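Below are the chains, spelled out letter by letter.
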Amino acid sequence: MRKMLVIFLYIVQWRARSLFTQKHSILAFPNAVFRSMPVFKVVEYIQKQQILELNLSRKVEMAMRIATFLVILLSVFEHSAAGKLFNVRQHLSTVSREEYERVFPAKRRKEGMGRGKGYGIVELQLFGKVLPLYGAVKDIADSAFVPSKVPDGCSPIHLNLVARHGTRSPTKKRMRELDNLATHLESLLRDVKEQNLSLKKVPAWLWGWKSPWKGKVTGGELTDVGEIELYHLAIRIRERFPDLFNEEYHPDVFTIKATQVPRASASAVAFGMGLFSGRGSLGPGHQRAFAVTSESRASDILLRFFECCQNYKDFRKSQEPAVDELKEPIFDEITATLRKRYGLNFTRQDTSSLWFLCKQEASLLDITDQACGLFSPSEVALLEWTDDLELFILKGYGKSLNYQMGVPLLKDVFQSMEQAIKAKEENYAPGSYEKARLRFAHAETVVPFSCLLGLFLEQSEFKQMQREEPLQYPPKPPQKRNWRGSTVAPFAGNNMLVLYSCPANSSSKYFVQVLHNEHPIPMPGCDNSDLCPFEVFKERIVTPHMKHEYYAVCNVKLEKPEQKPATTTTSSSF
């Protein structure tokens, strides 16, 4: 709408100028200067010279009226629509930022890889440098939620963090997929030319397009943007909870754990550099060394429980075809529309690969007007929903096994709180007990952990979940839903559990506050509050899960399959 309005305005403005130029003897104004004037200046000049009082042709007068009206209309539109323009980043699970001022290294800018056109993303420069401003992470699903006020006199005594790694590059498998896409696009474009079909509909960027990762032999590593995300996350956490991080570093006081996957351990290092910046003697940034520990990938049931759980691997392998079948009608519908819109014989696989490319361009290259620009906002919403559906079924509430295998992590989090309470009660000396346990892993870690806490559920759904009853799938757009991958587990997505110690006159001596992506989030198990008395948190959220023992859940075949989720009107209309 906005682009069409601008284009129409320019056409009318050009026509008005050309018509008035024919009246140059009346206007008595230099033609070159006149052509360079904005239309509203033309109107102003005409009014001052009382040209409108002359007997000009109706065409000229009408053109000027339309141009003037459109200038005003565009101005009003810009103000009323500010902040409401469609932002594709809000619909991508690979993106951890919403509205922000974007940062890319000088090398990437020089290569033209950070264009960010189409959706109003701003690149901030100062003294010739692009500044690293990560900005605010994704808002929680329920934007109307009002956080609880921490009672007066309460102070944080321990913090647990479970974070996904930062932005990463595509994996080798995905890079091959993009190479295949480039080959097929080249074939489609060649067919159009050979058949002398219209080329007007074909987006210019498709001609000669090659994958930005063509020729790259490795993949999946943490990118520079991912490093910045974790570095600044640490700084914000330190500033938000200064009393927790005011002690001298010791690995037993600030425990940092990561999986053995390089992008997770690199995220831990980037976070540690931010957390301890200015507190050491290394280099101009006064950095300090710190420890990051990892378990073997073959036995890490705390952070890579999904890889050690045979039952889960069997379940996922068996369900992936069914999930693809649920998504097919959406991809078929969008593929048919793309064919008509661009005159290219796209396949379902092309649509899937273009959607993946959209997510990679937006999160890694700051480009939103190429692959993302192929889809309308309604199509983006549907494609996002297919991602959310897959996340729900294979990693989330779709099956209790998905989160029951994460019980060792929940147990580790809870035990660290108990140890912190013991240290408080017994007056341990400063520096002799843990104040933060910081973990860096994957979406397959963060999503099940969020489910164990009951996040993104209504209270009735939470009770269903604890009874191990199947939940309905996320409803199809335009219906509202809480479950969105872009919120649940974006790059650098995280859950923080902050333990507070409160005065004796408080309603509870200890409280647990849960922050998701740094925002307080309602817990249905705690009456939809983000702040939960420790004993209530233990009784309602932790204890019900403790009956599930990891090896029993993961290595013993279930006697009978779980009942399939009840279908809704939306899920039955695939």
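Residues numbered from 1 in each chain as written. Predicted model: local features only at pLDDT ≥ 70, side-chain atom pairs only at ≥ 80, totals over all residues. Heavy atoms only, no water.

**Student:** Help me get a handle on the overall build of the chain, residues and values and all.
**Tutor:** When helices and strands are counted, the chain shows 20 helices and 11 strands. Looking at the chain as a whole, 51% of its 574 residues qualify as buried. Put simply, of all contacts in the chain between residues at least 6 apart along the chain, 77% involve residues at least 24 apart. Accessible area for the chain stands at about 27600 Å²; split by element, carbon and sulfur atoms hold 54% of it. (Helix = DSSP H or I, 4+ residues; strand = E, 2+ residues; numbered from the N terminus. Buried < 20%, exposed > 50% of the residue type's maximum accessible area, 1.4 Å probe, protein only. Contact = heavy atoms within 4.5 Å. Areas by Shrake-Rupley, 256 points an atom, 1.4 Å probe, with all protein chains shown as cover.)

**Student:** Quick one: what's the story with the state of the cysteines, residue by residue and with numbers?
**Tutor:** Tallied over the full model, the rule gives four disulfides. Covalent S-S linkage joins C358 and C372, the inter-sulfur distance amounting to 2.0 Å. On the S-S bond that ties C358 to C372, the torsion sits near 95°, and the link is right-handed. Separated by 14 residues along the polypeptide, C358 in helix α12 (residues 348-365) and C372 in the loop between α12 and α13 (377-394) bring together distant segments of the chain. Look at the chain and number its bonded cysteines as they come in the sequence; the links are 1-5, 2-8, 3-4, 6-7. Of the cysteine sulfurs around C308, a residue in no disulfide, the closest is that of C554, at 8.3 Å. On the basis of relative accessibility, which here comes to 17%, the residue C308 falls in the buried class. (Disulfide = S-S within 2.5 Å.)

**Student:** Explain the layout of surface pockets to me, using residue names and the numbers behind them.
**Tutor:** As a volume, the largest pocket reaches approximately 1700 Å³. Along the wall of the largest pocket there are 44 residues; nearest its centre are R168, R174, R316, E390 and K395. Counting residues per element, the ones that place at least two in the lining of the largest pocket are α7 (172-194), α10 (305-308), α11 (310-342), α12, α13 and α16 (443-452). A per-class count over the lining of the largest pocket returns 13 nonpolar, 10 polar and 21 charged. (1 Å grid on protein atoms, 1.4 Å probe; cavity = no way out; pocket = protein on both sides within 12 Å on 5 of 7 lines; lining within 4 Å. Points joined across faces, edges and corners; volume = space filled by probe spheres on them. Nonpolar A, V, L, I, M, F, W, Y, C, P; charged D, E, K, R; others polar.)

**Student:** Requested: an account of the environment of H519, with residues and values cited.
**Tutor:** Counting through the fold element by element, H519 comes out in strand β10 (residues 519-520). For H519 and N495, which are 24 residues apart along the polypeptide, the C-alpha to C-alpha distance reads 9.2 Å.

**Student:** Outline the pairing of strand β7 (residues 436-441), listing residues and values.
**Tutor:** Where burial is concerned, most of β7 is hidden: six out of the six residues are buried. Note that strand β5 (residues 155-164) and β7 share six bridges and pair parallel. Pairing of L161 across the sheet is with L438, part of β7. Pairing analysis gives five bridges linking strand β6 (residues 254-258) to β7, with the strands arranged parallel. Paired with K257 across the strands is R439, a residue of β7. (Pairing = 2+ DSSP bridges.)

**Student:** Could you give an account of the packing of aromatic side chains, with specific residues and numbers?
**Tutor:** Counted under the stated rule, the structure contains 18 aromatic pairs. Ring centres 6.2 Å apart and planes at 85° place the aromatic pair W205 and W209 in the edge-to-face group. With respect to burial, W205 and W209 carry one shared label: buried. When the centroid spacing of 6.4 Å and the interplanar angle of 65° are considered together, the rings of Y428 and Y433 count as edge-to-face. Feature note: the residues F392, Y397, Y403, F456, Y473 and W483 constitute an aromatic cluster, connected by ring pairs. Directly above the aromatic system of F356 lies the positively charged group of R174, at a separation of 4.1 Å from the ring centroid. (Phe/Tyr/Trp six-rings, centres within 6.5 Å; stacked < 30°, edge-to-face > 60°. Lys NZ or Arg CZ within 6 Å of the ring centre and 35° of its normal.)

**Student:** So what's going on with unusual backbone geometry? Which residues, and what values?
**Tutor:** With omega at 10°, the peptide bond leading from P477 into P478 counts as cis. Along the polypeptide, P478 turns up in the loop between α17 (459-466) and α18 (485-488). Backbone geometry places D366, a non-glycine residue, at a positive phi of 60°. Position of D366 relative to the elements: it lies in the loop between α12 and α13. Judged by relative accessible area, D366 falls into the buried class, the value being 3%.

**Student:** Explain the confidence of the model for the chain to me, and be specific about the residues and the numbers.
**Tutor:** Overall, the prediction assigns the chain a mean pLDDT of 82, with 73% of residues at 70 or greater. The low-confidence segment residues 71-84 (pLDDT under 50) makes 10 contacts with residues lying over four places distant or belonging to another chain. Of the regions scoring below 50 in pLDDT, residues 566-574 engages in 13 contacts with residues more than four places distant in sequence or in other chains. (pLDDT = per-residue confidence, 0-100.)

**Student:** I'd love a proper account of the pattern of salt bridges, names of residues and values included.
**Tutor:** Under the defined criterion, the tally for this structure stands at 25 salt bridges. One salt bridge connects K149 with D152, and the closest N-O pair in it is separated by 3.0 Å. The exposure classification of K149 matches that of D152, with both residues exposed. A salt bridge links D388 to R481, with the shortest nitrogen-to-oxygen separation between them at 2.6 Å. Highlighted residues: D388 in helix α13 and R481 in the loop between α17 and α18, separated in sequence by 93 residues. Through salt bridges that share partners, E384, D388, R481 and R484 make up one connected network. (Salt bridge = Lys/Arg side-chain N within 4 Å of Asp/Glu carboxyl O.)

**Student:** Any details on the environment of D324? Residues and values, ideally.
**Tutor:** Along the polypeptide, D324 turns up in helix α11. Classification of D324 by relative accessible area gives partly exposed; the value is 41%. D324 sits 66 residues away from E390 along the chain, and the two C-alpha atoms are 8.3 Å apart.

**Student:** Please give an account of the side chain of S529 that cites residues and values.
**Tutor:** If you trace the backbone, S529 turns up in the loop between β10 and β11 (531-533). In this structure S529 comes out as buried when scored by relative accessible area, which is 15%. With near-sequence residues (within four places) excluded, S529 lies in contact with S148, I521, P522 and M523.

**Student:** Please give an account of the packing of helix α15 (residues 407-425) against α16 that cites residues and values.
**Tutor:** The geometry of a pair of packed helices is captured by two quantities: the angle between their axes and the separation between those axes. Running from amino to carboxyl end, α15 crosses α16 at an angle of 70°, the nearest separation of the two axes being 9 Å. What the angle tells us is that α15 and α16 run roughly perpendicular. As for the relative orientation of α15 and α16, their crossing is right-handed in sense. Mapping the contact onto sequence places V407, L409, L410 and V413 in α15 and T445, F449 and L452 in α16. The class makeup of the residues in the contact of α15 with α16 is six nonpolar, one polar and no charged. (Axes fitted to C-alpha atoms, helices over the stretch in contact; angles between N-to-C directions. Parallel < 35°, antiparallel > 145°, perpendicular 65-115°, else oblique. Left-handed = near helix turned anticlockwise from the far one by under 90°.)

**Student:** An account of the environment of Q472 is requested, with residue identities and associated values reported.
**Tutor:** Inspection of the secondary structure assignment puts Q472 in the loop between α17 and α18. By relative accessible area, Q472 is classed as partly exposed at 43%. Once the C-alpha coordinates of Q472 and E461 are considered, the two residues, 11 residues apart in sequence, prove to be 8.9 Å apart.

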